[in-house]
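Summary of the model geometry
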Amino acid sequence: MRLPKITRRDVLKGSAAVAVGTFASSAKVLAQAPAAQAITPELIKAAQKEGTVNYYTSIDLPLAERIARAFEAKYAGVKVRVERSGAERVFQRIGQEYATKIHRVDVVNSSDAAHLIVWKNQGILAPFVPEDVAQHFPAEHKDADGMFSSFRLTLCPIAYNTSQIKAEEAPKSFNDLLDPKWVNRITKAHPSYSGTILTATYQTSRDIGWGYFEKLAKQKIMQLQSATDPPKKIVLGERMLAADGTEYVMLQEKEAGRPIEIVYPTEGTPLIIGPNAVFKAAPNPNAARLLQAWMYTTECQQLCIDHGGMRSVHALVKEKPARTPLSKIKLMKDDAAAVEKQAESIKKRYSQLFGV
Amino acid sequence: MTIALPAESAVRRRTFKIDFSLPVLIAFAAVLCVLIVLPMSWLAYYSVVDKAGQFTLENFATLVTEPEFRGPMLTTLILATSASIFCALAAAPMGWLVARTDLPFAKAVRALVTASFVTPPFLGAIAWELLAAPNSGLLNKLYRHLTGAEMGDHIFNIYSMTGLIFVVSCYTFPYIFVLIANALDRIPGDLEDASSMLGGRTWTTARRITIPLALPALLAGMLIAFLQAMTLFGSPAILALPAGFHTMTTKIWSLFQFPPKPELAAAASLPLLVLTVMLLRTQQMILGRKGYSVVGGKTGDPRLIRLGIWKWPAVAFVFAVLMLPVFLPYFALINAALSPIATTLVTPENATLKNVWFTFGLSSTKIALQNTFILGALTATLGTLMALVIGYISVRRAVVGHQALGFLATAPIAIPGIVLGVGLFLTYTQPPFVLYGTLWILLLAYLTIELPAAYQQLSSAYKAVGNDLEDASRILGATRLQALRHITAPLLRTSVIATWCFIFVATVRELSAAIILFTSDTRSCRS
């Protein structure tokens, strides 16, 4: 009688070596993605017959609901049931449902790209390539077997309170945060509680070394849990600087006129990828494919950019003029499989450094 | 008074004469076992096995040797001890003033204490964040405004051990206050009259009669406050991490972050459970001797001491204490709800209802509210029904083994919330009952938590009704269940309604907390 354990590590053990570099390297080994699927009248009709689609997602709730309503408005008769939770919770829940043979999820989105690798290796995803993905998405953002592709991207930059710090005095890099004048002034989120921060911690420690975190721990930082928390504390004026946090919350706060500004560190900004996938045993297979296909269109991608502060790699979307375009930002390289392998050691090392 | 069985059941009696008492007993015992024994057994099991399911004491060894657990244990101990002392310092004089003196607004004071009693601890913590965060807190801003101090200077820092002790005390002091005030209410005036007749002055009487009689209640209250502070999760969940430490409850919770370590969580929960049981036994022993405090009978009303010139300082003291758990936090929360930035004072120019609309405009908030009420009603109905039957069986000693039922129904009192949570997680994430991630697990949790109170209310109601009427109906040939339905149930109507309301309110209050923290997760019962 054991707990139905979802050990991503077990699943990954064999495949991790192959899967290094989420999308790119596996492409060389297996390249058998199915033909791209357009949104056809037949697909719409079949979806309307099913009537509903279950979307498990870790997107911010207001945005998830906005996407659902926009889809329902476009395809009358197909209702989207949003089950929103943190990425890890979504992952555990699907694991438990599948362990007990409950097949309820149609389409999934996770902010932790490693989850998709696990599901793919378990063989529970359906190969499906929307037309937009085939035509407008760069190769490193789609799975070679057509199981998933980057639905949304966000960054994990630095932010500061504009009423407390002048633009010219603000730090320009991660290393600038180590200046003694910022003691007691910095807040950040925790890799044990946030997948985004786990990914960011991995990328930062890989590119600029653990020495950065060792010194940062001596700055008496205020430790928060979720990646969405630091920008909020900056807006409140509780701390002047956020060493990390999700960019979309920062953009939303800034565009709502609150005193926050984003800094893309000169060392590079951690990149967080959130892919979407359809399940093989989806109870509403056609509605699932319709939703999946629609979510990669310029319409939905633009909606995520405009209302959710997300980033997109769709070639035809337009960034808001006031935002720094993705192409102008130096990005750290995503490597979901490596994050997966090192998750526990990263969390442990982090806890030892920061004391919680 | 004659209460006869209605004719139609008299007819049915002949055709339908099986006594269901025993099956009912077995059924309820089974339900109670599922509710209580099952989670606690899994808890015990998990604490002594390793990942492979082999017996081991490794989990407990880790608990004692690893600094990552020893730290939180020490923190929890300090937190609970200091909170119970601070609570006693504030609550004891207040209880005395309200119960034994002519303090003006005594009724209002009792009502306000109740208000802090029903404030969910996490909400209090959020409010105090708004007030006393070192940089953005309203009180610190006021301090800097008044003194012209530099940004970064502050007088309060809620993200600290002291801050946590303070907030926890704010929401545990009602336990001591209620116990003290009730004990003092019950002390008869006769003893005090005797003392003053023998020449004791007001203060001598208070010192030598009233205070010693109230001491057991104070001690019991401090134990309860200790327990509450030790097992509290809401306030530490918000304040401990930013302050840079863990308490036992937040540590246990962190063990459920991916990858979950249920074995360690179970092992860490057991000491909390054992300590709770021990402290509750001690508390019962102390209160069990309260008999001597009513030795003079219940004849005389308590005599109120005239405060004289101390009247207004006393009022000032009481309201100063109440500022901390009630006035200031609720002011901060209302301000945050109406202000564009939570820690900016609201003015007629910048007031906004955007936050309010945002919260209630989300369809998921509506579903959550709807679910809260459905779940509250379900829990209340099921809980009242169970308490009704179990209370009957144990008060009337209906069947052999009734003691076990009564014991099981009161046992959840001794299970701290976080420990029950761990037990429920272990139980309902595996066959035969997979309920994790659904609302049903919340139903089970609240049913378990509220059962003891419901059971105690209804069993005392049964005791008040008496046996005779039921016996009469049974002599006339009714089975137990028929007698219960036609005689006892109607007589208990008021108590039943009261119990239902009690569970409903308690559940909805707790649930609202769960839902504010975890909106999306609690919506799953929709399909």
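Residues numbered from 1 in each chain as written. Chains lettered and ligands numbered in written order. Predicted model: local features only at pLDDT ≥ 70, side-chain atom pairs only at ≥ 80, totals over all residues. Heavy atoms only, no water.

Thoughts on the overall build of chain A
Per the secondary structure count, chain A includes 14 helices and eleven strands. Relative to the globule expectation of 21 Å for 356 residues, the C-alpha radius of gyration of chain A, 20 Å, shows essentially globular dimensions. Its C-alpha atoms give chain A principal-axis dimensions of about 65 × 50 × 40 Å. Here chain A, with 356 residues, has 61% of them falling under the buried criterion. Put simply, of all contacts in chain A between residues at least 6 apart along the chain, 80% involve residues at least 24 apart. (Helix = DSSP H or I, 4+ residues; strand = E, 2+ residues; numbered from the N terminus. Rg over C-alpha atoms; globule rule 2.2 N^0.38 Å. Buried < 20%, exposed > 50% of the residue type's maximum accessible area, 1.4 Å probe, protein only. Contact = heavy atoms within 4.5 Å.)

What to know about the environment of A:Ile273
Along the polypeptide, A:Ile273 turns up in strand β11 (residues 271–279). Sequence separation between A:Ile273 and A:Ala336 is 63 residues; the distance between their C-alpha atoms is 8.8 Å.

Observations regarding the pairing of strand β1 (residues 52–57) of chain A
Strand residues, when the strand is regular, have side chains that alternate between the two faces of the sheet. Residues and elements named next belong to chain A. In terms of burial, β1 is largely enclosed, as five of its six residues are buried. Read from β1 through helix α4 (residues 61–74) to strand β2 (residues 79–84), the crossover connection turns out right-handed. Strand direction decides the pairing type here: β1 and strand β3 (residues 107–109), joined by three bridges, are parallel. Each residue of the ladder has a partner; that of Tyr55, found in β3, is Val107. (Right-handed = clockwise from strand over helix to strand, strands pointing away. Pairing = 2+ DSSP bridges.)

Observations concerning the side chain of B:Thr56
Residues and elements named next belong to chain B. As for its placement among the helices and strands, Thr56 is situated in the loop between α2 (21–47) and α3 (58–65). Thr56 gets classed as buried once you look at its relative accessible area, which sits at 13%. Within polar-contact distance, the side chain of Thr56 engages the backbone nitrogen of Glu58 at 2.8 Å. (Polar contact = N/O pair within 3.5 Å; in protein donor to acceptor, adjacent residues only side chain to side chain.)

Thoughts on the domain arrangement of chain A
All names here are of chain A. By the assigned domains, chain A splits into domain 1 (8–18 + 32–153 + 272–323) and domain 2 (155–271 + 341–354). Distance between the C-alpha centres of domain 1 and domain 2: 28 Å. Contact residues are listed per partner, giving 15 residues for domain 1 and 16 residues for domain 2. Summing both sides of the interface, domain 1 and domain 2 together bury roughly 1,500 Å²; the carbon and sulfur share of this comes to 51%. For the pair domain 1 and domain 2, the interface holds three salt bridges. (Domains from an automatic or database assignment. Buried area = accessible area lost by both parts, 1.4 Å probe. Salt bridge = Lys/Arg side-chain N within 4 Å of Asp/Glu carboxyl O.)

Some words on the packing of α4(A) against helix α13 (residues 298–308) of chain A
All names here are of chain A. For the pair α4 and α13, the least separation of the axes is 10 Å and the interaxial angle reads 145°. Read as a crossing pair, α4 and α13 show a hand that is right-handed. Between α4 and α13, the residues in contact are Leu63, Arg66, Ile67, Ala70 and Lys74 and Glu299, Cys300, Leu303, Cys304, His307 and Gly308, respectively. Among the residues forming the contact of α4 with α13, the class breakdown is six nonpolar, two polar and three charged. (Axes fitted to C-alpha atoms, helices over the stretch in contact; angles between N-to-C directions. Left-handed = near helix turned anticlockwise from the far one by under 90°. Nonpolar A, V, L, I, M, F, W, Y, C, P; charged D, E, K, R; others polar.)

Quick word on the packing of helix α5 (residues 87–99) of chain A against helix α6 (residues 113–122) of chain A
All names here are of chain A. Orientation of α5 relative to α6, taken along the N-to-C sense of each, is 15°, at an axis distance of 10 Å. Here α5 is positioned roughly parallel relative to α6, judged by the angle of their axes. Once α5 is placed against α6, the crossing between them reads as left-handed. Judged by residue contacts, Ala87, Glu88, Phe91 and Ile94 of α5 engage His115, Val118 and Trp119 from α6. (Parallel < 35°, antiparallel > 145°, perpendicular 65-115°, else oblique.)

Considerations on the side chain of B:Glu129
With respect to the helices, strands and loops of the structure, B:Glu129 is situated in helix α6 (residues 121–132). A polar atom in the side chain of B:Glu129 sits 2.6 Å from the side chain of B:Tyr159. The residues contacting B:Glu129, other than those within four sequence positions of it, are A:Lys233, B:Gly137, B:Ile158, B:Tyr159, B:Ile238 and B:Leu239.

Some remarks on the pattern of salt bridges
Any two side chains of opposite charge can pair, given that their charged atoms come close. All names here are of chain A. All chains considered together, the criterion is met by 23 salt bridges over all chains. The salt bridge involving Glu72 is made with Arg69; its shortest N-O contact spans 3.0 Å. With Glu72 and Arg69 both in helix α4 and three residues apart, the pair spans about one turn of that helix. A relative accessible area of 18% places Glu72 in the buried class. Classification of Arg69 by relative accessible area gives partly exposed; the value is 35%. With its nearest N and O atoms 2.8 Å apart, the salt bridge here joins Glu319 to Arg311.

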